[in-house]
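For reference, the chains in residue letters:
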Amino acid sequence: MTDADGGLADRVRSVLETDPEEFRQRAEADAETVKAELRDGTFDNHQSIIGLEYEFYAVSEGRWREGGEEDVDGAGQVAADVNAPHLSRVPRRLLELIGFEKELGLHNAEMTTSPQPLNAAGVRAQAAEVRARLEAAEETTGAEGMRLVSDAMWTVPPVGETAREYLTDSVEDDGVRVATNMSDAVRYHAMANGPGSESFSIDAPHVELTADTVLPESLITSIQPHYQVARAEDIPRIHTLALRIAGPLLALGVNAPFFPPDLYADDATAADVLADGWHENRVAVFESVLNEEGAEKVTFPEDLATVEEAVDRVAADPTIVPMPVAEGNRFDDAFATLRRKHGTFWRWVRPVFDGATRSAANARIEFRPIPAQPTVSDSVAFLAAFAGLLESLPRRRHPVYDLDWELARDNFYAAVRDGIEADLSWITTDGVETSDADTIFDDLLSHAEAGLEDVGLSESAAESYLAPLRWRAEAGVTPAAWKRRRVRARLDDGADLADAIPAMQRTYVERQRETLVDGTLADWVDE
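Please read these numbers as outputs of a predicted model, since none were measured by experiment.

## Here we look at the packing of aromatic side chains
- What the rule picks out here adds up to 19 aromatic pairs.
- Between phenylalanine 367 and phenylalanine 386 the ring centres are 4.6 Å apart and the planes differ by 20 degrees, which places this aromatic pair in the stacked class. Within this pair, whereas phenylalanine 367 is found in strand 11 (residues 362-367), its partner phenylalanine 386 is found in helix 13 (residues 376-395), the two being separated by 19 residues in sequence.
- Judged by relative accessible area, which is 0%, phenylalanine 386 ranks as buried.
- Through a chain of ring-to-ring contacts, three or more aromatic side chains come together here, namely Tyr188, Phe286, Phe300, Trp346, Trp348, Trp405, Phe412 and Tyr413.
- For the cation-ring pair, arginine 133 lies above phenylalanine 100, with the distance from its terminal atom to the ring centre recorded as 5.7 Å.
- A cation over a ring is seen here: lysine 483 above tyrosine 508, with NZ or CZ 4.7 Å from the ring centre.

## Some points on a negative patch on the surface
- On the surface, Glu302, Asp402, Asp404, Glu406 and Glu433 cluster together into a patch of negative charge.
- Among the structural elements, aspartate 402 can be located in the loop between helix 13 and helix 14 (405-418).

## Quick look at the side chain of glutamate 55
- Among the secondary structure elements, glutamate 55 is positioned in strand 1 (residues 49-60).
- Although glutamate 55 is buried, it makes no salt bridge; arginine 282 carries the closest opposite charge, 5.8 Å away.
- Engagement of the side chain of glutamate 55 in a polar contact is seen with the backbone nitrogen of serine 222, the distance being 2.9 Å.
- Sequence-distant contacts of glutamate 55, that is, excluding residues within four places in its chain, are made with Glu103, Ala109, Glu110, Ile220, Thr221, Ser222, Gln224 and Ala372.

## Topic: helix 15 (residues 437-454)
- Between its terminal C-alpha atoms helix 15 stretches 26 Å, which fits the 26 Å expected from 18 residues at 1.5 Å a residue.
- Every buried residue of helix 15 is listed here: Ile440, Phe441, Asp443, Leu444, Leu445, His447, Ala448, Glu449, Ala450, Gly451 and Leu452.
- Residues of helix 15 that are buried sit in contact with helix 8 (235-253), helix 13, strand 12 (426-427), strand 13 (433-434) and helix 16 (459-475).
- Directly beyond the C-terminal end of helix 15, a positive phi value near 110 degrees is found at glycine 456.

## Some points on the confidence of the model for the chain
- Per-residue confidence for the chain averages 92 on the pLDDT scale, and 94% of its residues sit at or above 70.
- Confidence over residues 1-5 falls short of pLDDT 50; this stretch has 16 contacts with residues more than four positions distant or in other chains.
- When the criterion is pLDDT under 50, residues 64-80 qualifies, and its contacts beyond four places in sequence or with other chains add up to 39 contacts.

## A closer look at the environment of glutamate 55
- Looking at glutamate 55, the relative accessible area reads 10%, which means it is buried.
- Between the C-alpha atoms of glutamate 55 and leucine 167, which are 112 residues apart in sequence, the distance is 18 Å.

## Structural notes on unusual backbone geometry
- The phi angle at histidine 206 is positive, at roughly 70 degrees, despite the residue not being glycine.
- Topologically, histidine 206 is positioned in the loop between strand 7 (200-201) and strand 8 (210-211).
- The class for histidine 206 is partly exposed, based on a relative accessible area of 26%.
- In this structure, arginine 397 is a non-glycine residue whose phi angle is positive, near 50 degrees.
- Here arginine 397 shows up in the loop between helix 13 and helix 14.

## Regarding the pattern of salt bridges
- Summed over all chains, the structure comprises 35 salt bridges.
- Among the charged side chains, a salt-bridge network with shared partners connects Arg330, Asp332, Asp333 and Arg339.

## A word on the pairing of strand 10 (residues 349-354)
- Among the six residues in strand 10, six count as buried, and that is most of the element.
- One ladder, built from six bridges, connects strand 10 with strand 11; its direction is antiparallel. Counted as the bridge partner of valine 352 is arginine 364 from strand 11.

## Focus on empty space enclosed by the protein
- What the rule picks out here adds up to two cavities of 30 Å³ or more.
- Taken as a whole, the largest cavity holds about 70 Å³ of empty space.
- Around the largest cavity sit Ala310, Val311, Val314, Leu338, Arg339, His342, Pro351, Val352 and Phe353, which together line it.
- Broken down by secondary-structure element, the contributors of at least two residues to the lining of the largest cavity are helix 11 (307-316), helix 12 (336-342) and strand 10.
- Taken together, Tyr57, Val59, Pro85, His86, Leu87, Trp154, Thr155, Val156, Gln505 and Val509 make up the lining of the second largest cavity.
- Secondary structure elements with two or more residues in the lining of the second largest cavity: strand 1 and helix 18 (497-515).
- Partitioning the lining of the second largest cavity into residue classes produces seven nonpolar, three polar and no charged.

Calculation rules
Residues numbered from 1 in each chain as written. Predicted model: local features only at pLDDT ≥ 70, side-chain atom pairs only at ≥ 80, totals over all residues. Heavy atoms only, no water. Phe/Tyr/Trp six-rings, centres within 6.5 Å; stacked < 30°, edge-to-face > 60°. Helix = DSSP H or I, 4+ residues; strand = E, 2+ residues; numbered from the N terminus. Buried < 20%, exposed > 50% of the residue type's maximum accessible area, 1.4 Å probe, protein only. Lys NZ or Arg CZ within 6 Å of the ring centre and 35° of its normal. Patch = residues over 30% accessible without salt bridge, like charges linked within 9 Å, V, L, I, M, F, W, Y side chains within 5 Å. Areas by Shrake-Rupley, 256 points an atom, 1.4 Å probe, with all protein chains shown as cover. Salt bridge = Lys/Arg side-chain N within 4 Å of Asp/Glu carboxyl O. Lys, Arg positive; Asp, Glu negative; His and termini not counted. Charge placed at Lys NZ, Arg CZ, Asp CG, Glu CD. Polar contact = N/O pair within 3.5 Å; in protein donor to acceptor, adjacent residues only side chain to side chain. Contact = heavy atoms within 4.5 Å. Expected span 1.5 Å × (residues − 1). pLDDT = per-residue confidence, 0-100. Pairing = 2+ DSSP bridges. 1 Å grid on protein atoms, 1.4 Å probe; cavity = no way out; pocket = protein on both sides within 12 Å on 5 of 7 lines; lining within 4 Å. Points joined across faces, edges and corners; volume = space filled by probe spheres on them. Nonpolar A, V, L, I, M, F, W, Y, C, P; charged D, E, K, R; others polar.

Here it is, written out as structure tokens:
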């Protein structure tokens, strides 16, 4: 990615020349505009609405042999490095063809669904849109020799490159540092060229990587359910509840237990990686790469007292890149600088206020803890659970609302470390404090089911959408646990991490190819 790509270096310089004080003042003025609209009821709607952001990475299709784990080289050893599905850069023209959006890395693609009312038809429409767009994308990308993968972290770099090379490669273009494998996302390139941004490191057990751009963040992908509230004044309560369910839902969804093998420290043994490695390293990557000293922008946020406080937090958030804002005629152009600032308001649960027109103005909660999942049904299960819980818990005045914020935060990071085996704290519907996993997940999913029934889904439909999560809770299996078992089995057979992780990744992609649209993680587990 060089200046030939539409004057990227010039655009970065333009950002760096923006007056940060003027930017801050505009954001504060915009915050007052939003709060005035909130008082006028502009962001209120007739009903709750749901949506989904769904991120993928691309791999080269057909570069690994089929036949599963029995493929060996001439010496009788698993040829994992040769056979593994390698990361692949996605041509921008291809993204336009499939109607996906670019993300941070050149290997990324993002789908955003159309917002739908939270009712039986709306949930069905969300699932149908994801499947339809993904099937169309698979046909197009397959013709180009690549495949989109739904996964939390890639582990096999492009052919002929190491992960370290891919993530750290950059060039200097007339004094501007440009990541070679980053899309033309100006704000991210500008972060590498601003004051105090000399390096970006990953802080995770036994991992060593430092880059001079934020590209290491492109290791990870996620799904992000959206819940648009009917009344904007309910944002603080919904935000509080979203924080309480973050830990348990993440515990069921963890999917990033391994890094590319060459990112581990030379003195880290396979036993060290298995013993000390976290189940959801996506959280470690996002927080350590994008947080700067004195500016924890990726974090588990504190509770909100009022909806106005939600707006003020965005305005007061430390500014890393004061992006210039062009004038426009949309409704939310009246607070365009605040919207721009919100683009780097990276909280695991965050409120959003926007809308292209006054009639489309909305206040919503974006739920960011969940990594990309093995199948569409698994992903839709999290959207359904999130929406169902945010309908049911406030309606039933569930006492988990009163769970101490510190315990909710501890739940989140316990899930990051230990996944479904994490020690969690919960308050049941009867007001009983518990750390029993079976009780917690049953209470959680029962209320999610009740919330879906509240908005018109049949009992059988609600059960069907949530079945993938019920299975995980009962079987004690998450995508991360599945990956750890595959790697451990390889290691027990005498392989090292450099073989075991790519071999696991190959099996992951092969299983996903068979089940992405119609299956679930349960279909991957051998009887």
